[in-house]
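If you want the building blocks of each chain, they are given just below.
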Amino acid sequence: MFYREAGQYKSDYASDQAIFPIRQDRIGVLLIFLFALLVIPFIATNYLLNSILVPFLVFSIAAIGLNILTGYCGQVSLGTGGFMACGAFFTFKLTTWMPEVNILLIFLMAGFGTALVGIAFGIPSLRIKGFYLAIATLAAQFFLIWMFTQNPWWTNYNPAGVITAPPRALFGNFYITGIEATPVNKYLFLLCFTAALALVAKNLVRSALGRAWMAIRDMDIAAEIIGIRPMAAKLSAFAVSSFFIGISGAAWAFMYTASVEALAFEVTRSFQVLFMIIIGGLGSILGSFLGAAFIVLLPIALSNLPAMVGLRLPVDLIAHLEFMIFGALIVFFLIVEPNGLARLWQIGKEKLRRWPFPY
Amino acid sequence: MSAVATAAAPNQNQQEDGGVTQNTARVFDEVLLEVKDISLAFGGVKALTNISFDIRKGEIRAIIGPNGAGKTSMLNVINGFYHPQDGTITYKGQVRRKMRPHNAAKQGIARTFQNVALFKGMSTLDNIMTGRLLKMRTNMLLQAIYWGPNQREEIRHREYCEQIIDFLEIQAIRKTPVGRLPYGLQKRVELARALAMEPELLLLDEPMAGMNVEEKEDMCRFVLDVNEEFGTTIALIEHDMGVVMDISDRVVVLDYGRKLADGPPDEVRRDEEVIRAYLGVGH
Amino acid sequence: MPMRILPWLIIPPAAIIGLGLLLQGISAIDSQLYFTWGYFLEVLIAGTLQGVMYSLVALGFVLIFKASSIFNFAQGSMVLFAALTMVGLMGWGLHWTLAFLATAGVMVLLAMAIERAVLRPLVNQPHIILFMATIGIFYFLDGFGQTLWGSDVKQLDIGIPRTPIFIFEETFEGGILVNQFDVIAALVGGALVAILAIFFQKTRIGRALRAVADDHQAALSVGIPLKTIWAIVWSVAGIVALVTGVMWGSKMGVQFTLALIALKALPVLILGGLTSIPGAIVGGLIIGAGEQIAEVFLSTYIGSAIQDWFAYVLAMLFLLIRPQGLFGEKIIERV
Ligand SMILES: Nc1ncnc2c1ncn2[C@@H]1O[C@H](COP(=O)(O)OP(=O)(O)O)[C@@H](O)[C@H]1O
Ligand SMILES: [Mg+2]
């Protein structure tokens, strides 16, 4: 079957505005999702689930969040780590305070809490732009981490300053956090949760709000002159973005590592997520997934490849090489394709559309 | 420049002009916007000094003057982007307070820019859809769900935008990112975006600058059509005196931030001071 | 830009005295807070001298930003890289002066490499893309330096005396303790700024660089290709990074955290205004003094390690009032 859109005439605006206007795309995405839902749980090893798929999904949520703020609304943020920490610690406080409330609800509440924090730290964006704003978001990063490290209240006075995920079930016996939670459970929950969140993000960016964000990103003065209130647009981007990032931080702490200290969300985490959206593609939901996959897989590849060809490299050397390769790749991507993997994917599809009869 | 030739040599051109224009007969009474004694300065630079004029409902009002005369600044004052140090603006009978541009938009003032100010990362259609934002009502939650009320609203506004797209004959570039369009089309998309706001007062800053004759003719036709079909009041800045004479009902002339003349095109063209100002800049 | 001197003679002393009086007042009410004027000045001086170090990093940023509008996030890792290289070379037995010169050469090569491999392909890209590219350089250099020279903490000793000295022993009881090292670091910083000032005012290249900072078109008419100018500016910034690295490194050892501490120069920068060299200096002093005072006098109330975030929050709050920073030019937007 050829990959074509010819013959698929759109008879109405609704189908023209669909997420995947081309039928083959729709089928493809559905197949991938079904495969991930129905097949992977049975064939995947615990290593694949715990060390690759779960962090991939967690990071995807964070990358979507940051992409909303930076890729769609044009506000560069270096505070991602701080907002992830908010999500993690809010979840911990909420679920230990109200153990009977469903963990899904707790996640969402933590997300809303983080959104409020995001709005507070987004206020400078009304006055300052660009580099000035990027630096100002570092205030969020450092202040929040400091707050969670300094105040033992946030960890329920844990002497090591660590929060540990208590066992919580989504329903009945389906535990998704704590020791009872199996990797498959966590994976399945995260898969559906991430898919739902991605859908929400996609819906927002293709609606009025998303267009307001992009208008602010592309030319804020013109945006204001056609009636967009910069305050509403920017702060809503901060709120939605922080909501996603907060949830991702909660998922990180409760499902990926299961126990965590505030330092796990240091400024390097912010850079990591920023790299995901640069490599994946600014202003692209698909790119957020691609970037997350890339950044999760790269270190694994780097630490396994030398061993596979028989080289034994010391661990710290590998860490340094990883830094170098990361940095070089960032520069490489910016030079070769500033629009990231998502754009490459699109170009590939264009080619495929012409194949096998280029004209 | 041909504009200057026209202004500088009014006597030769006078006869030919006779019946071309549709404007001389039109009479407008209702004042839509009145600026009074507006003064605006940037540090030491006086961009506008004591400017007063009005724009009447339904007319096409031209603002002309040499470069740096303060024309763009005047539009910026009208849509709330610059705040004059002195003077008052009365819009629809109400004296306006200091306001932000988005308030002006809400009151029905739309605008295009001298240097195209499109949203470069978005398609033509999305650019035009941003013009509808003020009219869209669904909240964030409904937008997150998309299907249902939000989708119905999206489609409703899409239909309106499609009408504008047809009107301005830009169907073929609907899905093209605007950054890839040639300059002339970008200007047209910008007009489309402004029209999508269903403005009462449309401000056009040099809508035909940098266009070839054909594109200019198209643009003139669109401006006249907009004015006629939608009854939109239009204030436009234009350098091409021929165009100004053809399509405008009244002309206000600025020079070094001062008002030189104000009146119907024929009258303005004969004004001694206007002729001198144009000759003075040495075109 | 003519600078009004008078406010600068009045405001800083007034602010310092005001702050002192405030703290004295609090200590009168609350005996938890220890305050004497001698102690206050000691903290203030220590903080200010520390601030000089921030200023040095910020200076490198400003140089590059003025000449190319590139926000060079990698300045911090250039500091680390320079320090690592210099220690490494000294480890091979070179005298520190030789090692310093050799490292300066390495920094020039590095600047040329960056210009060639990163800046030239990205010329005319939006600022934000270049900014992210410098984050890439930041990572690359951190990894590269440590791959070459290892990641253990190294001592860098070029013979700067470290003994603390006491001054004003008659005025204040017990005198004011001042770290000799910090004073020397401040002097070195001052000398560097002076040399840069002469470079920019008196030499042909320096004047050309200033022309670029004002207007890129003008620069082309001076007859120096933009890429040469960029390479020169990055070299100068690299040497500033080297001096910074030597001072920081001898103070606290050469290690990875240097690159992160250098991040503190970022709030300094936006506080001072991105394009202003005096801004970088004054900003550094304010932030150094401010965070030291906050750490010493506020930690009894809100917990320690305030220094982690104080600079950033201070800069952020300041920008809410004055978005262009202390010395930055007012941003007027036009359409
Ligand atoms: N934002 C601004 N800052 C400083 N000066 C400005 C600004 N906007 C306009 N001016 C000055 O005001 C004067 C009028 O400019 P403008 O309104 O753009 O003229 P025109 O559109 O008639 O060519 C010019 O001298 C211009 O330099
Ligand atoms: Mg103009």
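Residues numbered from 1 in each chain as written. Chains lettered and ligands numbered in written order. Predicted model: local features only at pLDDT ≥ 70, side-chain atom pairs only at ≥ 80, totals over all residues. Heavy atoms only, no water.

Quick notes on the site of ligand 1
All names here are of chain B.
Part 1 of the reasoning: Within the structure, ligand 1 sits among 15 residues, and Gly68, Gly70, Lys71, Thr72 and Ser73 are positioned closest to it.
Part 2 of the reasoning: A distance of 2.9 Å is found between an oxygen atom of ligand 1 and a backbone nitrogen or oxygen belonging to glycine 70.
Part 3 of the reasoning: The contact in question runs from an oxygen atom of ligand 1 to an N or O atom on the backbone of lysine 71, over 2.8 Å.
Part 4 of the reasoning: Alone, ligand 1 offers 560 Å² of accessible surface; in the complex the protein occludes 79% of this.
Part 5 of the reasoning: Here the shell around ligand 1 takes three residues from helix α3 (residues 71-78), the largest share from any one element.
Part 6 of the reasoning: Across the shell around ligand 1, the residue classes break down as seven nonpolar, five polar and three charged. (Near = heavy atom within 4 Å. Polar contact = N/O pair within 3.5 Å; in protein donor to acceptor, adjacent residues only side chain to side chain. Areas by Shrake-Rupley, 256 points an atom, 1.4 Å probe, with all protein chains shown as cover. Helix = DSSP H or I, 4+ residues; strand = E, 2+ residues; numbered from the N terminus. Nonpolar A, V, L, I, M, F, W, Y, C, P; charged D, E, K, R; others polar.)

Points about the pairing of strand β1 (residues 31-42) of chain B
Two faces make up the sheet, and in a regular strand the side chains alternate between them.
Residue and element names in this part refer to chain B.
Part 1 of the reasoning: By the bridge criterion, eight bridges tie β1 to strand β2 (residues 45-56) in an arrangement that is antiparallel. Residue pairing across strands places leucine 33 opposite isoleucine 55, the latter belonging to β2.
Part 2 of the reasoning: Counted between consecutive antiparallel strands, the loop separating β1 from β2 contains two residues, among which glycine 43 sits at a positive phi close to 55 degrees.
Part 3 of the reasoning: Here five bridges tie β1 to strand β4 (residues 86-91), and the two strands are oriented antiparallel to one another. Bridge pairing links valine 35 to isoleucine 89 in β4. (Pairing = 2+ DSSP bridges.)

Quick word on the domain arrangement of chain C
Residue and element names in this part refer to chain C.
Part 1 of the reasoning: Taken domain by domain, chain C consists of domain 1 (1-27) and domain 2 (36-321).
Part 2 of the reasoning: Centre-to-centre separation of domain 1 and domain 2, based on C-alpha positions: 26 Å.
Part 3 of the reasoning: In this assembly, nine residues from domain 1 lie in contact with seven residues from domain 2.
Part 4 of the reasoning: Here domain 1 and domain 2 share an interface that buries about 630 Å² over both sides, 88% of which is from carbon and sulfur atoms.
Part 5 of the reasoning: Joining domain 1 to domain 2, the criterion identifies zero salt bridges.
Part 6 of the reasoning: Seen at the junction of domain 1 and domain 2, the total is one residue pair in polar contact (both at pLDDT 80 or more).
Part 7 of the reasoning: Residue composition of the side of domain 1 that touches domain 2, grouped by class: seven nonpolar, two polar and no charged. (Domains from an automatic or database assignment. Contact = heavy atoms within 4.5 Å. Buried area = accessible area lost by both parts, 1.4 Å probe. Salt bridge = Lys/Arg side-chain N within 4 Å of Asp/Glu carboxyl O.)

Remarks on the UniProt feature "transmembrane region" (unreviewed entry) in chain C
Residues and elements named next belong to chain C.
Part 1 of the reasoning: With numbering matched to this structure, UniProt assigns "transmembrane region" (unreviewed entry) to residues 38-63, 70-90, 96-114, 121-141, 183-200, 229-248, 268-289 and 301-321.
Part 2 of the reasoning: Helix makes up 100% of residues 96-114 and strand makes up 0%, while its end C-alpha atoms are separated by 26 Å.
Part 3 of the reasoning: A helix fraction of 100% and a strand fraction of 0% characterise residues 183-200, whose end C-alpha atoms lie 26 Å from each other. (UniProt positions renumbered as here; feature names shortened; annotations may be inferred.)

A closer look at the coordination of the magnesium ion (ligand 2)
Residue and element names in this part refer to chain B.
Part 1 of the reasoning: Taken together, Thr72 (OG1) and Gln114 (OE1) make up the full set of protein donors to the magnesium ion (ligand 2), lying 2.0 to 2.1 Å away. Taken together, the residues threonine 72 in helix α3 and glutamine 114 in the loop between β6 (109-111) and α5 (124-130) connect sequence positions 42 residues apart.
Part 2 of the reasoning: By relative accessible area, which is 15% here, threonine 72 ends up buried.
Part 3 of the reasoning: Residue glutamine 114 is classed as partly exposed on the basis of its relative accessible area, which comes to 25%. (Donors = N, O, S within 2.8 Å, 3.2 Å for Na, K, Ca; no water. Buried < 20%, exposed > 50% of the residue type's maximum accessible area, 1.4 Å probe, protein only.)

Overview of the state of the cysteines
Note: disulfide means a covalent bond formed between the sulfur atoms of two cysteine side chains.
Part 1 of the reasoning: All chains considered together, the criterion is met by zero disulfides over all chains.
Part 2 of the reasoning: Of all cysteine sulfurs, the one in cysteine 73 of chain A lies closest to cysteine 86 of chain A, which takes part in no disulfide; the gap is 20 Å. (Disulfide = S-S within 2.5 Å.)

A short note on the interface of chain A and chain C
Part 1 of the reasoning: Tallying the contact residues gives 41 residues for chain A and 54 residues for chain C.
Part 2 of the reasoning: Overall, the association of chain A and chain C removes approximately 4200 Å² of surface from exposure, summing both partners, and the carbon and sulfur fraction of that is 81%.
Part 3 of the reasoning: Three residues stand out in chain A for area buried against chain C, namely Phe131, Tyr132 and Trp146 of chain A, and they jointly supply 19% of the buried area on that side.
Part 4 of the reasoning: Taken together, chain A and chain C are joined by zero salt bridges.
Part 5 of the reasoning: Taken together, the links from chain A to chain C amount to seven residue pairs in polar contact (both at pLDDT 80 or more).
Part 6 of the reasoning: If you list the elements that add at least two residues to the side of chain A that touches chain C, you get α6 (130-150), α9 (220-225), α11 (267-280) and α13 (315-336) of chain A.
Part 7 of the reasoning: Considering each element in turn, the side of chain A that touches chain C owes the most residues, 13 residues, to α13 of chain A.

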